[in-house]
Amino acid sequence: MASAPLRVTVSDEVIFSEQLQLYNGDELENVTVRISYDEDVNQLSIALLSKSRLFVFHDTVAYNGIVKSNIFGHATQLVPEKLPYQIETESGSRYRVTKQYKKSLKQPSKKHIFSPWISTTDLNPVDCALKMVNDSVEAVYTLPNREDSLFFVSLNDVSFIQHSLKSKPGHKTYDLSAWANLDRTYDIKVKRNPCFGMDTKISKAETKKDEVKAKYEEINKRLNGRTTTSSADFATAFATLRDTALKELKKNQSRSLCVDLNKEIDAYNAYIDSIAALNITYVPDERIIAASQPKPKEIDAAYLYKTAREIDEDVARYIVASDPMERLDIKARCKNRIQAANAAIKDATAANSTQSQALSTFRQAEAYFKKKCQ
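If you're wondering where the values come from, they're calculated on a predicted model, not measured in any experiment.

In this fold, Asp157 is placed in strand S13 (residues 149-163). For the buried Asp157, no salt bridge is present, and the opposite-charge side chain at shortest range is Lys106, 6.7 Å distant. Here the side chain of Asp157 touches Ser115 through a polar contact of 2.8 Å, landing on its backbone nitrogen. Among the polar contacts listed, one links the side chain of Asp157 to the side chain of Trp179, at a separation of 3.2 Å. When near neighbours in sequence (up to four residues on either side) are disregarded, Asp157 contacts Val56, His112, Ile113, Phe114, Ser115, Pro116, Trp117, Trp179, Ala180 and Asn181.

Written out as structure tokens, the structure is:
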């Protein structure tokens, strides 16, 4: 009876491996199953690693159809040329079927049917040379897309093969020492990096953010820290400058699974909100005196939103991290960010709803860090 599928998850950074114990004659031998994913080429690899050399089948094969028998009808050799596919062999080599090997097969051995060592669904194998004697066995598959996917893989027959002590000069002989059924199935989830291949989009989003930031700084500089003016013409000209900029700047409402791209989009939108909040009020001269107190420093909403997101992401990394040094590094990084943000808002005020919301978001991130990491 086939084993129940084992659910495993692999990614470009996470490799799955487990050791299976199989009998090689009278001794137990470890065979390591290694499953990995290479994001750069979008390929999944399943490999078998063993201290002993391995021989595997790549198709369904009847034992009686691939062996050579002696005059008594007893199988003595496995003949590679009788396999239904081409396979690499060493010149002049022989592959002896030992009594121990025949004993390991399902009885009667003459009726034994070998299964391919690996079977899959919805996977396209990469062509590779097939060998009789292998230090390790690997199958590589090109995946059909770059989305998170689930694939079924079954591992079946494997044989141990070793250099024979009965080898003669010029004729290398190998002994097939034992057959085993791995009897292992996997539901493999391939988890992609959502930011893979997004470098160009992230770079463009960062450029747009820098452009809108420069526009915000240019317009804000015109105010020179003032909230009122005695010049009606200046108030009108400033409002026109601000509104013209806002007509040219459209918010980006798109979202992505890539966190880095979302960071740039959020910062871009925050700067547009900050531009919209810039204002100066016209008041007559007699009211300017009363309203001419130095304008308190305002909170930088975009900076607080960015800091809050970075703290939340670092806390998430801290929660799943197992390395003590990595956790200490994350805590130190968060503390530095919190200290810098608090210094920046020490003498600042929230002049509008956007700045108030940014301050609230930062305080929530600060509290979340103290709750989870202190």
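So much for the structure itself; the text now carries on.
Bringing the packing of aromatic side chains into the picture now. Two numbers describe a pair of aromatic rings. These are the distance of the centres and the angle of the planes. What the rule picks out here adds up to 7 aromatic pairs. Here Phe55 and Phe57 contribute two aromatic rings whose centre-to-centre distance is 4.8 Å and whose plane-to-plane angle is 70°, an arrangement assigned as edge-to-face. Just as Phe55 is buried, Phe57 falls in that class too. Where Tyr95 meets Tyr174, the ring centres are 5.8 Å apart and the plane angle is 10°; that geometry is what we call stacked. Linking Tyr95 in strand S8 (residues 94-97) with Tyr174 in strand S14 (residues 173-190), this pair joins segments that are 79 residues apart in sequence. Joined through ring pairs, the aromatic side chains of Phe55, Phe57, Tyr63 and Phe114 make up one cluster. One cation-aromatic arrangement involves Arg327 over Tyr318; the distance from NZ or CZ to the ring centre is 4.0 Å.

A separate point is helix H2 (residues 199-223). Note on helix geometry: an α-helix contains 3.6 residues per turn, so any two residues three or four positions apart are oriented the same way. For H2, which comprises 25 residues, the first-to-last C-alpha distance of 37 Å matches the rise-based estimate of 36 Å (1.5 Å per residue) to within 8%. Listed in full, the buried residues belonging to H2 are Ile202, Ala205, Lys209, Val212, Tyr216, Ile219 and Leu223. Looking at the packing, one finds that the buried side of H2 touches helix H3 (232-248) and helix H4 (259-277). Backbone geometry just after H2 places Asn224 at a positive phi near 55°.

Following the criterion strictly, the structure yields 1 disulfide and no others. The disulfide that involves Cys195 links it to Cys258, with 2.0 Å between the sulfurs. Disulfide Cys195-Cys258: torsion about the S-S bond near 100°, hence right-handed. With Cys195 in the loop between S14 and H2 and Cys258 in the loop between H3 and H4, this pair connects stretches of sequence that are 63 residues apart. One exposure class covers both Cys195 and Cys258, and it is buried. Here Cys334 stays free of any disulfide, with the sulfur of Cys373 as its closest cysteine sulfur at 5.8 Å.

Before going further, it helps to spend a moment on the environment of Thr120. Take Thr120: it is sitting in strand S10 (residues 118-120). Looking at Thr120, the relative accessible area reads 26%, which means it is partly exposed. The spacing of Thr120 and Leu105 is 15 residues in sequence and 24 Å in space, taken between C-alpha atoms. With sequence-adjacent residues up to four places away left out, Thr120 is seen in contact with Tyr141, Phe152 and Val153.

Attention now moves to helix H8 (residues 353-373). Under the 1.5 Å per step criterion, the end-to-end length of H8 is 30 Å for 21 residues, consistent within 8% with the ideal 30 Å. Residues Thr354, Gln355, Ala358, Phe362, Ala365, Glu366, Phe369 and Cys373 constitute the buried set of H8. One side of H8 carries all its buried residues, which in axial view fall inside an arc of 115°. Away from the buried face of H8 by more than 90 degrees, exposed residues Ser353, Gln364 and Lys371 are located. Looking at the buried positions of H8, the neighbouring elements they touch are H4, strand S17 (297-298), helix H6 (301-320), helix H7 (324-345) and strand S18 (348-349). Measuring from the backbone nitrogen of Thr354 back to the side-chain oxygen at the start of H8 gives 3.1 Å, which picks out Asn352 as the cap.

Before going further, it helps to spend a moment on the pattern of salt bridges. Applying the stated criterion across every chain yields a total of 20 salt bridges. Here Arg242 ties to Asp243 by a salt bridge, and the two come within 3.0 Å at their closest N and O atoms. Among the salt bridges present, the one from Arg333 reaches Asp329, with a minimum N-O distance of 2.9 Å. Here Asp329 and Arg333 lie together in helix H7, a separation of 4 residues that amounts to about one turn. Exposure remark for Arg333: the relative accessible area of 28% places this residue in the partly exposed category.

Reading the values: rules and limits
- Residues numbered from 1 in each chain as written.
- Predicted model: local features only at pLDDT ≥ 70, side-chain atom pairs only at ≥ 80, totals over all residues.
- Heavy atoms only, no water.
- Helix = DSSP H or I, 4+ residues; strand = E, 2+ residues; numbered from the N terminus.
- Buried < 20%, exposed > 50% of the residue type's maximum accessible area, 1.4 Å probe, protein only.
- Lys, Arg positive; Asp, Glu negative; His and termini not counted.
- Salt bridge = Lys/Arg side-chain N within 4 Å of Asp/Glu carboxyl O.
- Polar contact = N/O pair within 3.5 Å; in protein donor to acceptor, adjacent residues only side chain to side chain.
- Contact = heavy atoms within 4.5 Å.
- Phe/Tyr/Trp six-rings, centres within 6.5 Å; stacked < 30°, edge-to-face > 60°.
- Lys NZ or Arg CZ within 6 Å of the ring centre and 35° of its normal.
- Expected span 1.5 Å × (residues − 1).
- Disulfide = S-S within 2.5 Å.
- Arc of directions from axis to C-beta.

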